[in-house]
Amino acid sequence: MNPTDLGKALRELREAAGKQAKAVARGAAMSPSKLSKIENGVLAPSVIDVERVLVALEVSDEVKGRLAEVARQVATEATAWRIYHRSGLHKHQDALGAVEARTSLTRTFQPSCVPGLLQTPEYVRGVLRNRELTDDALEKMIGARLRRQEVLYDRERAFRFLVTESVLRWRLIPAPMMAAQLDKLVTMSRMPNVTVGVVPLAAAMPGLPTCSFVVFDARLVIVEIPHAEITTSELRDIELYVSKFESFERVAVYGEDMHSLAAAIRDDFLSERETR
């Protein structure tokens, strides 16, 4: 089945279910025009697109599994960040939010920055300051990222975050703001469905951290590299990233040990402010 046939299959499922295109597009967190292009074979759907449409259609697990397998025929996709810039970074945040809202267990490994679901507004600005965004685009992006964070309060979903100690020390924003960011990290880690681990610099590393990635259940992985975002639903790839996550998980610190480490770094930031 090629992308055109896949789009046709999605359209036939929608029509058989008696659902309007606008309603399905809304449920899939995409524009009606994008859904129309997918259904008519003008636009090849991504793995995430297919998953979101199938969820919005409320199809059976059997049908969902069959078409998801078809999507895996072109399982690894890379989308350049410039494309997301062009269409609006906030729209991509909304798409990620739709995936997170349908995931039972989200595992995030971040050796570069605080994970987006745990960022303060000031930290978001710091991360994006070199993206050459207009003021309007920046505010939309911040708003979209903060909306994504609402999923953390859904107790039916579990979140496991892993960051390296260096992430807590990277000076992306002024010291007082970094202290506030670390406070938020600790606060969110106290939620019953959220686990935050920190890999200490002194730990015997199981390997190189290499890149940031997120594992959604056991069905999808999104990897971030400097120029693009890579999406894969290939089982062997997913197993590779789950294994990598678990190897760093074994050397991370949690609970009070993590809180003490974060508090010590926060205090360093605060004392730096006081001595100036």
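Q: Tell me about the overall build of the chain, and name the residues and values.
A: A tally of helices and strands in the chain yields 13 helices and seven strands. Taking the principal axes of the C-alpha coordinates as reference, the chain spans close to 65 × 40 × 35 Å. Out of the 276 residues in the chain, the part that is buried amounts to 48%. Within the chain, contacts between residues at least 6 apart in sequence are counted, and of these 78% link residues at least 24 apart. Counting every atom, the chain has about 13700 Å² of accessible surface; 52% of that belongs to carbon and sulfur. For the chain, the distance from the average position of its 38 positive side-chain charges to the average position of its 37 negative side-chain charges is 4 Å.

Q: Please set out the packing of helix 4 (residues 47-57) against helix 7 (residues 89-100) residue by residue, giving values where relevant.
A: The N-to-C vectors of helix 4 and helix 7 enclose an angle of 55 degrees; their axes lie 10 Å apart at closest approach. As judged from the angle between their axes, helix 4 and helix 7 are oblique. The interaxial crossing formed by helix 4 with helix 7 has left-handed handedness. Residues Ile 48, Glu 51 and Arg 52 of helix 4 form the contact with helix 7, whose participating residues are Ala 95, Ala 98 and Val 99.

Q: So what's going on with the packing of aromatic side chains? Residues and values would help.
A: Between two aromatic rings, the relevant description is the distance of the centres plus the angle of the planes. Going through the model one piece at a time under the given rule, you end up with five aromatic pairs. When the ring of Phe 159 is compared with that of Phe 161, the centres are 6.4 Å apart and the planes differ by 10 degrees; the resulting orientation is stacked. The residues Phe 159 and Phe 161 share a single accessibility class, namely buried. Between Phe 213 and Tyr 241, the ring centres sit 4.9 Å apart and the planes meet at 55 degrees, which makes this aromatic pair tilted. Taken together, the residues span a long stretch of sequence, with Phe 213 in strand 5 (residues 212-216) and Tyr 241 in helix 12 (residues 235-249) at a distance of 28 residues. Each member of the pair, Phe 213 as well as Tyr 241, carries the same accessibility label: buried.

Q: Help me get a handle on the pairing of strand 5, residues and values and all.
A: Within strand 5, five of the five residues are buried, which leaves the element mostly enclosed by the surrounding structure. Burial of the side chains of strand 5 extends over both faces: Ser 212, Val 214 and Phe 216 are buried on one face and Phe 213 and Val 215 on the other. Pairing geometry for strand 2 (residues 105-110) and strand 5, over four bridges, is antiparallel. Residue pairing across strands places Thr 108 opposite Val 214, the latter belonging to strand 5. As paired strands, strand 5 and strand 6 (residues 220-225) are joined by five bridges and run antiparallel to one another. Bridging from a neighbouring strand, Phe 213 pairs with Val 223 of strand 6.

Q: Please set out the environment of Ile 222 residue by residue, giving values where relevant.
A: Counting through the fold element by element, Ile 222 comes out in strand 6. Among the residues examined, Ile 222 registers a relative accessible area of 4% and is labelled buried. A sequence separation of 128 residues divides Ile 222 from Asp 94, and the C-alpha atoms of the two residues are 15 Å apart.

Q: So what's going on with the pattern of salt bridges? Residues and values would help.
A: Summed over the entire model, instances satisfying the criterion amount to 16 salt bridges. Linking Arg 11 and Glu 15 is a salt bridge whose minimum nitrogen-to-oxygen distance equals 4.0 Å. Of this pair, Arg 11 and Glu 15 both sit in helix 1 (residues 3-17), four residues apart, which is roughly one turn of that helix. The salt bridge involving Arg 14 is made with Glu 39; its shortest N-O contact spans 2.7 Å. Of this pair, Arg 14 sits in helix 1 while Glu 39 sits in helix 3 (residues 32-39), and the two are 25 residues apart along the sequence. In this structure, a network of salt bridges that share partners links the residues Lys 34, Asp 49 and Arg 52.

Q: Which residues make up the nonpolar core, and what are the values?
A: Among the nonpolar cores identified, the biggest contains 29 residues, and Leu 118, Leu 152, Phe 161 and Leu 168 are the most heavily contacted of them. Within the residue set of this core, elements represented by two or more residues are strand 3 (158-164), helix 10 (165-169), helix 11 (175-189), strand 4 (194-199) and helix 13 (255-274). Here this core takes seven residues from helix 11, the largest share from any one element. Apart from residues lying up to four places away in sequence, Leu 168 is in contact with Val 163, Met 178, Leu 182, Leu 185, Val 198, Ala 262, Ile 265 and Phe 269. Counting 18 residues, the second largest nonpolar core, distinct from the first, contains Leu 6, Ala 25, Leu 35 and Val 53.

Q: Account for unusual backbone geometry, with residues named and values stated.
A: Of note in the backbone geometry, Glu 132 takes a positive phi value of approximately 55 degrees without being a glycine. For Glu 132, the location among the structural elements is in the loop between helix 8 (121-128) and helix 9 (135-148). Of note, Asp 217 is a non-glycine position whose phi angle comes to about 50 degrees, a positive value. With respect to the helices and strands, Asp 217 occurs in the loop between strand 5 and strand 6.

Each value, and the rule that gives it
Along each chain, the written sequence defines residue order, and numbers are assigned to residues from 1. Given that the model is predicted, a residue must reach a pLDDT of at least 70 before its local features are reported, and side-chain atom pairs must reach 80 or more before they are shown or counted; all residues, however, enter totals for whole chains, interfaces and linings. With hydrogens and water set aside, each side-chain value is computed from the structure's full complement of heavy atoms. Counting from the N terminus, the helices are DSSP H or I runs at least four residues long and the strands are E runs at least two residues long. For the exposure calls, accessible area comes from a 1.4 Å probe over protein chains only, and a residue counts as buried if that area is under 20% of its type's maximum, exposed if over 50%, partly exposed in between. It only takes one pair of heavy atoms within 4.5 Å for two residues to be counted as in contact. In these tables, accessible area is a Shrake-Rupley quantity obtained with a 1.4 Å probe, and a residue counts as shielded only by the protein chains included in the view. Positive charge is attributed to Lys and Arg, negative charge to Asp and Glu, and no charge count is given to His or to the chain ends. Each charge is placed at NZ for Lys, CZ for Arg, CG for Asp and CD for Glu. For helices, the axis comes from a line fit to the C-alpha atoms of the stretch in contact; other axes are also lines fit to C-alpha atoms, and the angle between any two N-to-C directions lies between 0 and 180 degrees. Angular relationships are summarised with four words: roughly parallel below 35 degrees, roughly antiparallel beyond 145, roughly perpendicular across 65 to 115, and oblique for the angles in between. Definitions for this section: a left-handed crossing has its near helix turned counterclockwise from the far helix by less than a right angle. A right-handed crossing has that turn clockwise. Ring pairs are drawn from Phe, Tyr and Trp, using the six-membered ring of Trp, whenever the two centres fall within 6.5 Å, and their geometry is named by plane angle: stacked under 30 degrees, edge-to-face over 60, tilted for the rest. Two strands are counted as paired when DSSP detects at least two bridges linking them. One side-chain nitrogen of Lys or Arg within 4 Å of one carboxyl oxygen of Asp or Glu is enough to make a salt bridge. Buried Ala, Val, Leu, Ile, Met, Phe, Trp, Tyr and Cys residues form a nonpolar core when they are joined through side-chain atoms within 4.5 Å.

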